[in-house]
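Descriptive structure summary
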Amino acid sequence: MSTALAAMGYAALGGKRTFTSRPRIVADHYEVLSEPRSAERGRDPLVRLSLASPDL
């Protein structure tokens, strides 16, 4: 039954689609939580990545 309703709606619009695309959501920053004793080991790779990628 829902297929028939969808087909009727599609036909009523002259074969045009009714959806619109939306831009993807991209974070502008991240927060990383860790134990204080592990912070330095986690920070080093992140710093290297940010220096290698100027867009970040």
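The text that follows walks through the structure, step by step, so that each part is easy to find. Computed from a predicted model, the values in this text were never measured in an experiment. (Residues numbered from 1 in each chain as written. Predicted model: local features only at pLDDT ≥ 70, side-chain atom pairs only at ≥ 80, totals over all residues. Heavy atoms only, no water.)

Attention now moves to the overall build of the chain. Across its full length, the chain carries two helices and zero strands. When burial is assessed residue by residue, the chain has 2% of its 56 residues classed as buried. Total accessible area computed for the chain in this model is approximately 6,000 Å², and 59% of it derives from carbon and sulfur atoms. (Helix = DSSP H or I, 4+ residues; strand = E, 2+ residues; numbered from the N terminus. Buried < 20%, exposed > 50% of the residue type's maximum accessible area, 1.4 Å probe, protein only. Areas by Shrake-Rupley, 256 points an atom, 1.4 Å probe, with all protein chains shown as cover.)

As a further point, take the pattern of salt bridges. Following the criterion strictly, the structure yields one salt bridge and no others. Linking R43 and E40 is a salt bridge whose minimum nitrogen-to-oxygen distance equals 2.7 Å. Taken together, the positions of R43 and E40, both in helix α2 (residues 39-52) and three residues apart, correspond to about one turn of that helix. For R43, a relative accessible area of 43% translates into the label partly exposed. (Salt bridge = Lys/Arg side-chain N within 4 Å of Asp/Glu carboxyl O.)

Together, V32, L46 and L49 line one region of the surface with nonpolar side chains, adding up to about 300 Å² of accessible area. Along the polypeptide, V32 turns up in the loop between α1 (2-12) and α2. (Patch = residues over 30% accessible without salt bridge, like charges linked within 9 Å, V, L, I, M, F, W, Y side chains within 5 Å.)

With that settled, the discussion passes to α1. A small share of α1 lies buried, amounting to zero of its 11 residues. G14 sits one or two positions beyond α1 and adopts a positive phi of about 75°.

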